[in-house]
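The primary structure of each chain is shown beneath.
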Amino acid sequence: MKAIRRFTVRPVLPEPLRPLSDLARNLRWSWHTETQELFRAADPEGRRPSDTDPVRLLGTVPAARLAELAGDQHFMRRLAEVSEDLREYLGGPRWYQNQLAQGAELPAAIAYFSPEFGVTAALPQYSGGLGILAGDHLKAASDLGVPLIGVGLLYRHGYFRQSLSRDGWQQEHYPVLDPNELPLTLLREADGTPSRVVLALPGGRSLYASIWQAQVGRVPLLLLDSDVEENAPGERDVTDRLYGGGSDHRLLQEMLLGIGGVRAVRTYCRLTGHADPEVFHTNEGHAGFLGLERIRELSEKGLDFDAALEVVRAGAVFTTHTPVPAGIDRFDRQLVARHFGDDGELPGVGAEKILRLGMETYDGGEPGLFNMAVMGLRLAQRANGVSTLHGAVSREMFSGLWPGFDPSEVPITSVTNGVHAPTWVAHEVLRLGAGARDTTGDGPAGHLDAVPDREIWDLRRGLREQLVTEVRRRLHASWRGRGAGTAELGWIDGVLDPDVLTIGFARRVPSYKRLTLMLHDRDRLRELLLHPTHPIQIVVAGKAHPADDGGKRLIQELVRFADDPRVRHRIVFLPDYGMGMARKLYPGCDVWLNNPLRPLEACGTSGMKAALNGCLNLSVRDGWWDEWFGPDFGWAIPTADGSATDEERRDELEANALYALIEDRVAPRFYDRNAEDLPERWIEMVRSTLADLGPKVLAGRMVREYVERLYAPAARSRRALEPAAARDLAAWKTRVRAAWPQVTVDHVEATADTVVGGSAELGSTLALRVRIALGGLDPEDVEVQVVAGRVDSGDAIAEARTFPLKPAGGHDLEDRWLYEGPLALDRTGPYGYTVRVLPAHPLLASGAELGLVAVPNASTADGGGMLLR
């Protein structure tokens, strides 16, 4: 029989134990060892893992056990200490408050929007790296005291749970999540009624959502939930699952995240007194519609669309995470148009104005599509990729938005991702004194120089042994799920060996990450796995998107190889990869493998988590590894960039390079032992990874960079745009855009006594004189620059540097202005220069911001490239 009504019965704690409720409701427990150990002590069975959800755990503790704990003086002392520690953590000054006290000009608050958040396995609202990064961003912001508000959606089915069929095919399961059984509280109005946000839909319909709050240390995380009684069945399912449904479904999710998310933030601030955000950070394009809601808010205060757009852009930061156009959400323009205007959101604003923000109106774009990343870039004055290499890839990928500029000048910077050490570093590593805690911005804790080699090696073996136990447990459960009987599974007790070199590979399974590259030469892989003196063992995990049959076939191919009785004790595939598995996998592996197609890995933070535990990286130089690779931290897999256009040939070359590295360098170093049976060189690499690489890959470093390089400048720009300034800036841009077709470089001449026949001496100076037609603009509206540097055989300038030219006199009857300036010739070899005109305004973040530039035509200059000697 089915119940006619469902509700959750919560435990009633004795008065002395009431602080346990506060500890359980703050997700700081997910990275705070002392709180985890306290709840383990309360566990009546004492066998649950340390990261078990305390809210669920308290619901299973019998009343007799609670009474026993209330009378246990030792437990009560521990409870008081941990509660006081949380109180100080939440209320005391941290890095951000110290910066403010020293006079730093920082935003009062920042709103951080993401479609997924991986904070803890107890709140399964993530699918992969984007969500885990967002969760680590919140945790690091909390540790640093950054006044962040997280905004996302609450998916009633989360992301799918993964299992395998008997023949190794991925199967998806979507368990229903009850918010009342999660570490969440419902945001309510002063009268106790649930708070709601409402979106207008076509046809007079409405989309309602409640607001659930997770407390991530000091940071509130607001999650919108459309499964409310006010909604029709179709609207109730908008937040059913992460990355599910067709285009219309995804569009509604992204409208709710962006537009509804801003409304949720306003509601939260109104009810709690939290400072209103001055900066809005869009983590990937999914939440891009938040900019439209902010324009609507400002329009209600009297600003027109263009002026409101300038205010919104000034206070916005956009982070792109994808290095390929296929990874960006794009919608048919008619679908987007149907949801806006007088019959939807933003009534009174023409749909064409909204569409222009996301249309691919540039060379190579598809004008019929609305691109969420393009809208994110057009609605944010500051943008970044997530590693140095990814920043360069992003500038190239989006360069069509800034025509006339070299990709290197596209205004997209980079902030390399980091990971939250207290979440990902094993307790044993922290106790060694090697873990980089970085909870206050002070960098790594402890010094490894004094730690004996034997202690480091015994730690590594102990972690490997824990992984072996975990793998066998999970593998047994997986095979039972695949239909195997207990009598068939005795072999699992011999799977993996705690004394064998262990390689880990775990991530999502799109084709570019090349899950099966290791299978390219199966005979050679078997030889590596079964080597008589230098064997290796491999633990693999990962999920393919439910709609990606290609990815599922890759998993099946790997599983079938791992099922082979000849090698199944040396290579395993573990289904249902998630945070719980990852916390065991990273510390237990000796080597972390990553072999994507370069440069398609935006960052690849799994290798960072492994490194924080003393695991060495074996990776293609992509993402963060391209930036921080060093021979003391691991090995770089050579790539066939540009030398092999055939995919099969490229994979063959790179697979052979991988096999050779393992066979000739990695495995021999692991098994090269001294008289005390210690691999001295390997241990030194572990020591260097922990001490030198660890501090670089921290989320605390990342969040501090966001604050100093992006959030603080955005807040200053936003404060400068009071209504009058915003109107003036919008009017100035309109005037400049209208006049720009008439802005030309009429004549360029250069004189120097030492130039002879196109050659000049190093150290000489060119005197440049340039005539510019400004098309009715004033000199203060523009900047005239000389761009100079080495030139290639096609006269393209590389390693360019810019130098300003100054007005040298008034304009003539034809509205031409004279500009002059010196150009010092300080480099030898083929050298050249050009001149350009850019818009200039004190409220622009970059000269490229408007995407406007005027350069000479072929007949303008009397000189060009020259050879310096």
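Just so it is clear, the model here is predicted, and its values are computed rather than measured.

Visitor: Before we move on, could you go through helix α18 (residues 453-481) and cite the residues and values that matter?
Guide: Over its 29 residues, α18 extends 42 Å from the first C-alpha to the last, a length consistent with the 42 Å expected when each residue adds 1.5 Å. Directly after α18, the chain includes G483, whose backbone phi takes a positive value near 100 degrees.

Visitor: Account for unusual backbone geometry, with residues named and values stated.
Guide: Of note, the amide linkage connecting R598 to P599 takes the cis form, showing an omega dihedral of 5 degrees. Among the structural elements, P599 can be located in the loop between β18 (591-594) and α22 (606-612). At R514, a position not held by glycine, the phi torsion is positive, near 55 degrees. Here R514 shows up in the loop between β15 (501-506) and α19 (522-529). Taking the relative accessible area as the measure of exposure, R514 reaches 5% and is therefore buried. Non-glycine residue D677 carries a positive phi angle of around 60 degrees. Within the secondary structure layout, D677 lies in the loop between α24 (647-671) and α25 (680-693). Here D677 falls in the partly exposed class, since its relative accessible area comes to 45%.

Visitor: Run through the pattern of salt bridges, naming residues and quoting values.
Guide: This model, assessed by the stated rule, comprises 63 salt bridges. In this structure, the salt-bridge partner of E300 is R296, at a minimum N-O distance of 2.6 Å. With E300 and R296 both in helix α10 (residues 290-300), this residue pair falls four residues apart, about one helical turn. Judged by its relative accessible area of 21%, R296 falls in the partly exposed class. A network of salt bridges, in which partner residues are shared, links R263, E293, R296, E300 and E345.

Visitor: Before we move on, could you go through the nonpolar core and cite the residues and values that matter?
Guide: Counting residues in hydrophobic clusters, the biggest one holds 102 residues, and the most contacted among them are L501, M518, I538, L618, W635 and W682. Setting aside residues no more than four positions away along its own chain, L501 makes contact with P535, I536, Q537, D590, V591, V666, A667, F670, Y671 and W682. Counting residues in hydrophobic clusters, the runner-up holds 96 residues, among them L187, L251, L292 and L303.

Visitor: Can you tell me about the pairing of strand β9 (residues 279-283), naming the residues and giving the values?
Guide: Burial runs high along β9: five of the five residues are buried. Of the two faces of β9, the one holding V279, H281 and N283 and the one holding F280 and T282 are both buried throughout. Here strand β1 (residues 110-113) runs beside β9; their pairing, made up of four bridges, is parallel. Residue pairing across strands places I110 opposite V279, the latter belonging to β9. Here four bridges tie β9 to strand β10 (residues 316-319), and the two strands are oriented parallel to one another. Each residue of the ladder has a partner; that of T282, found in β10, is F318.

Visitor: With reference to specific residues and values, describe the side chain of E284.
Guide: Within the secondary structure, E284 is located in the loop between β9 and α10. Here E284 occupies a buried position and makes no salt bridge, while the nearest side chain of opposite charge, R508, is found at 9.5 Å. If we skip the residues at most four places from it in the chain, E284 touches L130, F318, T319, T320, H321 and T322.

Visitor: Now, about helix α20 (residues 549-562): what can you tell me, with residues and values included?
Guide: Between its first and last C-alpha, α20 extends 20 Å over 14 residues, near the 20 Å set by a 1.5 Å rise per residue. Listing the buried residues of α20 in full gives G551, K552, L554, I555, Q556, L558, V559, F561 and A562. Residue D548 occupies the N-cap position of α20, its side-chain oxygen lying 3.2 Å from the main-chain nitrogen of G550.

Visitor: Pulling in residues and values, what's your account of the sheet that holds strand β17 (residues 571-574)?
Guide: Spatial strand order, β17-β16-β15-β18-β19-β20: six strands in an open sheet with parallel pairing. Among the strands making up the open sheet, the edge pair consists of β17 and β20 (634-637). Direction aside, neighbouring strands of the sheet carry axes that sit 20 degrees apart on average. Two elements, β15 and β18, share two bridges in a ladder whose sense is parallel. The partner of I503 across the bridge, within β18, is V591. Against the sheet, α19 contacts β16 (536-541) and β17, and its axis sits at roughly 115 degrees relative to β16. Relative to β20, α24 is tilted by about 165 degrees, and along the sheet it contacts β15, β16, β18, β19 (616-620) and β20.

Visitor: Hey, could you go over the environment of S793 for me, with residue numbers and the actual values?
Guide: One can find S793 in the loop between β24 (782-791) and β25 (797-809). C-alpha of S793 to C-alpha of P830: the two residues are 37 residues apart in sequence and 8.9 Å apart in space.

Visitor: So what's going on with the packing of helix α2 (residues 33-42) against helix α5 (residues 73-91)? Which residues, and what values?
Guide: Between α2 and α5, the least distance of the axes is 10 Å, while the angle of their chain directions is 150 degrees. Taken together, the axes of α2 and α5 lie roughly antiparallel to each other. The two elements α2 and α5 cross, and the hand of that crossing is left-handed. Across the interface between the two elements, E34, T35, E37, L38, A41 and A42 from α2 touch F75, R78, L79 and V82 from α5. Each residue belonging to the contact of α2 with α5 can be placed in one class, and the counts come to six nonpolar, one polar and three charged.

Thresholds, definitions, all that
Residues numbered from 1 in each chain as written. Predicted model: local features only at pLDDT ≥ 70, side-chain atom pairs only at ≥ 80, totals over all residues. Heavy atoms only, no water. Helix = DSSP H or I, 4+ residues; strand = E, 2+ residues; numbered from the N terminus. Expected span 1.5 Å × (residues − 1). Buried < 20%, exposed > 50% of the residue type's maximum accessible area, 1.4 Å probe, protein only. Salt bridge = Lys/Arg side-chain N within 4 Å of Asp/Glu carboxyl O. Core = buried A, V, L, I, M, F, W, Y, C linked by side-chain atoms within 4.5 Å. Contact = heavy atoms within 4.5 Å. Pairing = 2+ DSSP bridges. Lys, Arg positive; Asp, Glu negative; His and termini not counted. Polar contact = N/O pair within 3.5 Å; in protein donor to acceptor, adjacent residues only side chain to side chain. Axes fitted to C-alpha atoms, helices over the stretch in contact; angles between N-to-C directions. Parallel < 35°, antiparallel > 145°, perpendicular 65-115°, else oblique. Left-handed = near helix turned anticlockwise from the far one by under 90°. Nonpolar A, V, L, I, M, F, W, Y, C, P; charged D, E, K, R; others polar.

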